[in-house]
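Here are the chains, one letter per residue:
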Amino acid sequence: MSASGWTAKLNPTVRALKPSGIRRFFDLAAETKGIISLGVGEPDFVTPWHVREASIFALEQGYTNYTPNSGIPELRREIARYTAEFLGLEYKPESEILVSVGVSEALDLALRAVVAPGDEVLIPEPCYVSYLPCTVLAGGVPVTVSTGIEQGFRVRAADLERVITPRTKVLLLCYPNNPTGAVMPREELRAIAEVCAAHDLIVIADEIYAQLTYEGEHTCFAAQPGMRDRTILLQGFSKAFAMTGWRIGYALGNADFIGAMTKIHQYTMLCAPVIAQMAALEALRNGREEMRRMVRAFSYRRRLVVKAFADMGLPCFAPGGAFYAFPDIRSTGLSSEEFTERLIREEKVAVVPGNAFGDCGEGFIRCSYAASVEELNEAFKRMRRFVERCRVENKNKARGFA
Ligand code: PLP
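The shown structure was predicted, so the numbers you read here are calculated from the model rather than taken from an experiment. (Residues numbered from 1 in each chain as written. Predicted model: local features only at pLDDT ≥ 70, side-chain atom pairs only at ≥ 80, totals over all residues. Heavy atoms only, no water.)

Participant: Quick question: what am I supposed to make of the packing of helix α11 (residues 288-312) against helix α13 (residues 373-398) here?
Facilitator: To describe two helices that pack against each other, one gives the angle between their axes and the distance between the axes. One way to put it is that α11 packs onto α13 with a least axis distance of 10 Å and a crossing angle of 15 degrees. It follows that α11 is roughly parallel to α13 by the angle criterion. Considering only the axes of α11 and α13, their crossing is right-handed. Mapping the contact onto sequence places Tyr300, Arg301, Leu304, Val305, Ala308, Phe309, Asp311 and Met312 in α11 and Val373, Leu376, Asn377, Phe380, Met383, Arg384, Val387 and Arg391 in α13. Broken down by class, the residue content of the contact of α11 with α13 amounts to eleven nonpolar, one polar and four charged. (Axes fitted to C-alpha atoms, helices over the stretch in contact; angles between N-to-C directions. Helix = DSSP H or I, 4+ residues; strand = E, 2+ residues; numbered from the N terminus. Parallel < 35°, antiparallel > 145°, perpendicular 65-115°, else oblique. Left-handed = near helix turned anticlockwise from the far one by under 90°. Contact = heavy atoms within 4.5 Å. Nonpolar A, V, L, I, M, F, W, Y, C, P; charged D, E, K, R; others polar.)

So this is what it looks like as structure tokens:
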């Protein structure tokens, strides 16, 4: 049988999954010399030295074994303390916290733990690229709810209510949002909480960008009245602590949810890597000032980026969190993918087309500002030149010169 002949034997659910829309542009960017990438979703900072050193020291001390399935007890205790301080929520380290291999694994575990075949999962769009495939792999049916720039990319309680059916079981929320940077004000989260209570929904709240909130405090969904016990809260080290490669995240929730997730984790992953857990422990104990310094750097770049898009004449919603801007590029006359491809080829700047995050992202691009100020300034100089060229082309076309 030829190599490609095996495709017919693959799991049909996997066969039907579309590869991520981002991949093609990443490949194109990777082969382009002199590219400035505003495409990737990871901090440009290296993990602080004392955190790296803690893991080196752990190795020197001989930490090379499995840990308990749910994570090193001291790390879970530190997570409980941090969560109480940061979010005002109490979780028991022994039964309500699970240390996972990134938020990616925690998301997969949460979906697999609660979704039964055919259950519907509400997903506001634009959304992180993993949400739909992970829902489908868990046997669920994703039901997307579009949000738009006119509503600040915040999901409305009434729009959720409209699509709820007797099969709806889960709402998957992500604020601060990837890709838009939107955050939800408390009163709007409360309205959503009422819908969840009325329809007995389980909420998976991916708050991986919680610390990267620029105006006021982060509002945690699990802290809304009556929501703690119906919410699986996902948190991680990748973004706030500049630790993407360490692969440490965690889930917080009632003992039933966390117990079910731990069951899957114990059979599929066993535990998160021990030296990465030791590094995470150090980050929580002694890395918070460093984290705040990185957040201040992102906050400065955020203002720079919003102004740069305004100067280019591309409307850009001011992101309240994360490190992404999501400008409206419709005035260039190009689709999101055309804009992205031409920008890479003509000006060597990589961004991500908005439609990679759902159909309602068409007409937008995602631009990460987790890059140095020098890189951002150069990227915006190039992008401005590109946008002006598009406008001249449009004028010429309108006059029949094209
Ligand atoms: N959730 C969101 C919203 C993300 O943007 C990302 C990464 O970009 C993840 C989860 C994955 O995070 P981790 O590195 O902890 O697996």
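Participant: Hey, could you run me through unusual backbone geometry in this one?
Facilitator: Residues other than glycine predominantly adopt negative phi, and peptide bonds predominantly adopt the trans conformation. Cis peptide bonds are those with omega within 30 degrees of zero, and the linkage from Glu125 to Pro126 qualifies with 0 degrees. Among the secondary structure elements, Pro126 is positioned in the loop between β3 (120-125) and α6 (131-137). Even without being a glycine, Arg247 presents a positive backbone phi close to 60 degrees. On the secondary structure map, Arg247 appears in the loop between β7 (231-236) and β8 (249-252).

Participant: Explanation requested: empty space enclosed by the protein in the structure shown.
Facilitator: With a probe scaled to a water molecule rolled over the atoms, the places where space remains empty come into view. All told, the structure shown has two cavities of 30 Å³ or more when counted by the stated rule. Empty space within the largest cavity amounts to approximately 50 Å³. In this structure, the largest cavity is lined by Leu173, Cys174, Tyr175, Leu189, Ala205, Glu207, Thr219 and Phe221. Here the lining of the largest cavity is built from residues that sort into six nonpolar, one polar and one charged. Of the pockets and cavities examined, the second largest cavity occupies roughly 40 Å³. In this structure, the second largest cavity is lined by Pro124, Pro126, Cys127, Tyr128, Tyr131, Leu172, Cys174, Asn177 and Asn178. Considered class by class, the residues forming the lining of the second largest cavity number seven nonpolar, two polar and no charged. (1 Å grid on protein atoms, 1.4 Å probe; cavity = no way out; pocket = protein on both sides within 12 Å on 5 of 7 lines; lining within 4 Å. Points joined across faces, edges and corners; volume = space filled by probe spheres on them.)

Participant: Honestly, the site of the ligand in this entry has me stumped. Any pointers?
Facilitator: Lining the immediate environment of the ligand, one finds 13 residues, of which Ser104, Asp206, Ser238, Lys239 and Arg247 sit closest. Here an oxygen atom of the ligand sits 2.7 Å away from a polar atom, N or O, in the main chain of Val103. Separating an oxygen atom of the ligand from a side-chain N or O atom of Ser104 is a distance of 2.5 Å. Bound to the protein, the ligand loses 93% of the 390 Å² it would expose on its own. When residues in the shell around the ligand are grouped by element, the largest group, three residues, is from helix α5 (residues 102-114). In terms of residue class, the shell around the ligand is built from six nonpolar, four polar and three charged. (Near = heavy atom within 4 Å. Polar contact = N/O pair within 3.5 Å; in protein donor to acceptor, adjacent residues only side chain to side chain. Areas by Shrake-Rupley, 256 points an atom, 1.4 Å probe, with all protein chains shown as cover.)

Participant: Looking at this structure, I do not really get the packing of helix α12 (residues 336-347) against α13. What am I missing?
Facilitator: It is the contact of α12 with α13, at a shortest axis distance of 10 Å, that shows an interaxial angle of 115 degrees. Note on packing geometry: the crossing formed by α12 with α13 is right-handed. Across the interface between the two elements, Phe339, Arg342, Leu343, Glu346 and Glu347 of α12 pack against Arg382, Met383, Arg385, Phe386, Val387, Arg389 and Glu393 of α13. Of the residues in the contact of α12 with α13, the class split is five nonpolar, no polar and seven charged.

Participant: It is not clear to me how the domain arrangement of the protein chain should be interpreted in this structure. Could you clarify?
Facilitator: By a widespread convention, an interface's size corresponds to the accessible area lost as its parts come together. Once the domains are mapped, the protein chain shows domain 1 (9-46 + 289-392) and domain 2 (49-286). Here the C-alpha centre of domain 2 lies 25 Å away from the C-alpha centre of domain 1. On the side of domain 2, 34 residues touch domain 1, which itself brings 36 residues to the contact. The junction of domain 1 with domain 2 conceals about 2,900 Å² of combined surface from both sides, 69% of it contributed by carbon and sulfur atoms. Linking domain 1 with domain 2 are one salt bridge. In this structure, the salt-bridge partner of Arg302 is Glu215, at a minimum N-O distance of 2.7 Å. Contributions of two or more residues to the side of domain 1 that touches domain 2 are made by α1 (12-16), α11 and β9 (324-325). No other element matches the six residues that α11 contributes to the side of domain 1 that touches domain 2. Broken down by class, the residue content of the side of domain 1 that touches domain 2 amounts to 22 nonpolar, eight polar and six charged. (Domains from an automatic or database assignment. Buried area = accessible area lost by both parts, 1.4 Å probe. Salt bridge = Lys/Arg side-chain N within 4 Å of Asp/Glu carboxyl O.)

Participant: How should the sheet that holds strand β11 (residues 352-353) be read in this particular structure?
Facilitator: To summarise the sheet geometry, strands pair through backbone hydrogen bonds and adopt either a parallel or an antiparallel arrangement. As summarised here, the arrangement of the three strands in space is β9-β12-β11, forming an open sheet in which the pairing is antiparallel. Looking at which strands have only one partner, the edges of the open sheet turn out to be β9 and β11. In this structure, β11 lies alongside strand β12 (residues 365-368), joined through two bridges in antiparallel fashion. Its bridge partner being in β12, Val352 is matched across the sheet by Arg366. (Pairing = 2+ DSSP bridges.)

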